[in-house]
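For reference, the chains in residue letters:
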Protein chains: 2
Amino acid sequence: MNGDERAILERYLRSRGLKMTQARETVLTAFLGLESHVSADAIYEAAKRLDPGIGQATVFRTVKLLADAGLAREACRDDGARRYEHAYNHAHHDHLTCVECGAIVEFVDADIERAQEAVYRRYGFASSGHRLELYGLCPDCAPFDEP
Amino acid sequence: MNGDERAILERYLRSRGLKMTQARETVLTAFLGLESHVSADAIYEAAKRLDPGIGQATVFRTVKLLADAGLAREACRDDGARRYEHAYNHAHHDHLTCVECGAIVEFVDADIERAQEAVYRRYGFASSGHRLELYGLCPDCAPFDEP
DNA sequence: CCCGTATTGATGATGATTATCGATACGGCT
DNA sequence: AGCCGTATCGATAATCATCATCAATACGGG
Ligand SMILES: [Mn+2]
Ligand SMILES: [Mn+2]
Ligand SMILES: [Zn+2]
Ligand SMILES: [Zn+2]
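Just so it is clear, the model here is predicted, and its values are computed rather than measured. (Residues numbered from 1 in each chain as written. Chains lettered and ligands numbered in written order. Predicted model: local features only at pLDDT ≥ 70, side-chain atom pairs only at ≥ 80, totals over all residues. Heavy atoms only, no water.)

## A word on the relation of the copies chain B and chain A
1) Next: Relative to chain A, chain B is turned by 179° and slid 0.0 Å along the rotation axis, the superposed coordinates differing by an RMSD of 0.1 Å. What we have between these two chains is a two-fold relation. Taking C-alpha positions as reference, the residue of chain B nearest the rotation axis is Leu132(B), located at 2.2 Å.
2) Next: Residue by residue, 100% of the interface of chain B is reproduced at the interface of chain A, so both copies engage with the same surface. (Least-squares fit on C-alpha atoms with pLDDT ≥ 70 in both. Contact = heavy atoms within 4.5 Å.)

## Comments concerning the protein's contact with DNA strand C
1) Next: Around DNA strand C there are 22 residues in total, and Thr21(A), Arg24(A), Thr58(A), Arg61(A) and Lys64(B) lie nearest to it.
2) Next: Backbone atoms, meaning sugar plus phosphate, form 73% of the atoms of DNA strand C positioned within 4 Å of the protein.
3) Next: Gly55(A) has a polar backbone atom sitting 3.2 Å from a phosphate oxygen of DNA strand C.
4) Next: Taking Arg61(A), its side chain carries an N or O atom lying 2.7 Å from a base nitrogen of DNA strand C.
5) Next: Going through the elements one at a time, helix 2 (22-32) and helix 4 (56-68) of chain A together with helix 4 (56-68) of chain B are the ones with two or more residues in the surface near DNA strand C.
6) Next: With 4 residues, helix 4 of chain B is the largest single contributor of residues to the surface near DNA strand C.
7) Next: Looking at the surface near DNA strand C residue by residue, the classes come out as 8 nonpolar, 6 polar and 8 charged. (Near = heavy atom within 4 Å. Polar contact = N/O pair within 3.5 Å; in protein donor to acceptor, adjacent residues only side chain to side chain. Helix = DSSP H or I, 4+ residues; strand = E, 2+ residues; numbered from the N terminus. Nonpolar A, V, L, I, M, F, W, Y, C, P; charged D, E, K, R; others polar.)

## Observations regarding the sheet that holds strand 1 (residues 38-39) of chain A
Residue and element names in this part refer to chain A.
1) Next: With antiparallel pairing, the 3 strands of this open sheet are ordered in space as 1-3-2. Here the strands that pair on one side only, and so sit at the sheet edges, are strand 1 and strand 2 (72-76).
2) Next: Of the strand pairs in this sheet, strand 1 and strand 3 (residues 83-86) are connected by 2 bridges, and their pairing is antiparallel. Considered in strand 3, the bridge of Val 38 is made with Tyr 84.
3) Next: Contacts between helix 2 and the sheet are confined to strand 1, strand 2 and strand 3, with strand 3 contributing the most and set at about 80° to the helix. (Pairing = 2+ DSSP bridges. Axes fitted to C-alpha atoms, helices over the stretch in contact; angles between N-to-C directions.)

## With respect to the sheet that holds strand 2 (residues 72-76) of chain B
1) Next: A sheet is described by the order of its strands in space; here 3 strands give the open sequence 1-3-2 (chain B), paired in antiparallel fashion. The sheet terminates laterally at strand 1 (38-39) and strand 2 of chain B, the two strands that pair on one side only.

## Some points on the coordination of the zinc ion (ligand 4)
When a metal holds four donors in a tetrahedron, each ideal angle between them is 109.5 degrees; when it holds six in an octahedron, the ideal angles are 90 or 180 degrees.
All names here are of chain B.
1) Next: The protein atoms donating to the zinc ion (ligand 4) are Cys 98 (SG), Cys 101 (SG), Cys 138 (SG) and Cys 141 (SG), with metal-donor distances spanning 2.2 to 2.4 Å.
2) Next: Here the zinc ion (ligand 4) is ringed by 4 donor atoms whose angles at the metal span 101 to 113°, and the overall shape comes out tetrahedral.
3) Next: The sequence pattern formed by the donor residues of the zinc ion (ligand 4) is C-x2-C-x36-C-x2-C. Pair noted here: Cys 98 is in strand 4 (residues 94-98) and Cys 138 is in the segment after strand 6 (126-137), with a separation of 40 residues, a long-range link. (Donors = N, O, S within 2.8 Å, 3.2 Å for Na, K, Ca; no water. Tetrahedral: all angles 85-135°; square planar, octahedral: opposite > 155°, others 65-115°.)

## Focus on empty space enclosed by the protein
1) Next: The final tally for this structure, using the stated rule, is 1 cavity of 30 Å³ or more.
2) Next: Space inside the largest cavity adds up to approximately 110 Å³.
3) Next: Those elements giving two or more residues to the lining of the largest cavity turn out to be strand 6 (126-137) of chain A together with strand 6 of chain B.
4) Next: Grouping the constituent residues of the lining of the largest cavity by class yields 4 nonpolar, no polar and 8 charged. (1 Å grid on protein atoms, 1.4 Å probe; cavity = no way out; pocket = protein on both sides within 12 Å on 5 of 7 lines; lining within 4 Å. Points joined across faces, edges and corners; volume = space filled by probe spheres on them.)

## So, the coordination of the zinc ion (ligand 3)
1) Next: At 2.2 to 2.4 Å from the zinc ion (ligand 3) lie its protein donor atoms, namely Cys98(A) (SG), Cys101(A) (SG), Cys138(A) (SG) and Cys141(A) (SG).
2) Next: Within one chain, the residues serving as donors to the zinc ion (ligand 3) are arranged as C-x2-C-x36-C-x2-C.

## Describing the confidence of the model for chain A
1) Next: On average, residues of chain A score 92 in pLDDT, and 96% of them reach the 70 mark or higher.
2) Next: For chain A, strand 2 of chain A is the element with the lowest average pLDDT, namely 89, and helix 5 (residues 110-122) of chain A is the one with the highest, namely 97. (pLDDT = per-residue confidence, 0-100.)

## With respect to the protein's contact with DNA strand D
1) Next: Lys64(A), Thr21(B), Arg24(B), Thr58(B) and Arg61(B) are the nearest of the 23 residues found near DNA strand D.
2) Next: Restricting the count to atoms of DNA strand D within 4 Å of the protein gives a sugar and phosphate share of 78%.
3) Next: Between Arg24(B) and DNA strand D, the recorded distance is 2.3 Å, taken from a side-chain N or O atom to a phosphate oxygen.
4) Next: Among the elements of the structure, helix 4 of chain A together with helix 2 (22-32) and helix 4 of chain B are those that each provide at least two residues to the surface near DNA strand D.
5) Next: Among the elements that line the surface near DNA strand D, the one with the most residues is helix 4 of chain A, at 4 residues.

The structure is reproduced here in structure tokens:
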């Protein structure tokens, strides 16, 4: 399972004359060991646990490579920092976020996707992706329940 | 027309014990004179034309007040900088952006809005707003036309 | 094992936004 | 109109995430 991602990264690097290095493998392992929606800095912290000598710049650079290789994807940039999520075996989805506690629900809605395609057609655009974030209050954070 | 916004800002400030000052009026006028999707820095440039002595920090502070007062709204933060658009008499809409030339189409799609409400209900969330950005190639930037 | 080249990590530079702070402008009150 | 406590201003330093630079080092094909 885990080797899949490593192989994908290596193939990607090779195809561009880049090298599979110790540092890059460390960053990949660190990223794969974290759950969704992590900042580059969180990956840096995890990577330092695997190799205390790794540099922050290397992590930023490598995370970008992971994204180019299709292993990571920019999930959101809500606060100040970008957050990444796994992209391998993790299909496209949108996010429903609680503005109170930060809980995140990942969802895919066929009606929304379909309606978006209609918008593209209406304006003669060729689709190249979209970003949808729904904000609201989750059941736990709602002021009170309706009977 | 223009006095409306001034009155709204003044009422908002008054309700919080804040003051309607010369600088704030200058920023408001500068903002109203610009078209949609402007950065705080663009507003600063416009404000300097009205009052060369105005400070950048004041513009950042005031734009945030305009947003709180419901006169401005954060439209997107795609690159590095936030961009604002008029919010008074400018109802909610989403954006379709050309990744090649940057052209922006503002649209509202009833099907999408309806399907979003269904998602909120499905997960028991109370809606508090959303952000949808569609990316693609506009007709002018498409590689070639289909017959 | 060698060598040219890609990579690394420390550090300085960015750019956007925010915090600080002494000086100044508001505006309710007399 | 003049006073005065407080909100605001503008200049400047500080953050924060991310990037660029660069000398030292690690890769990996031959
Ligand atoms: Mn996600
Ligand atoms: Mn808009
Ligand atoms: Zn919640
Ligand atoms: Zn275009």
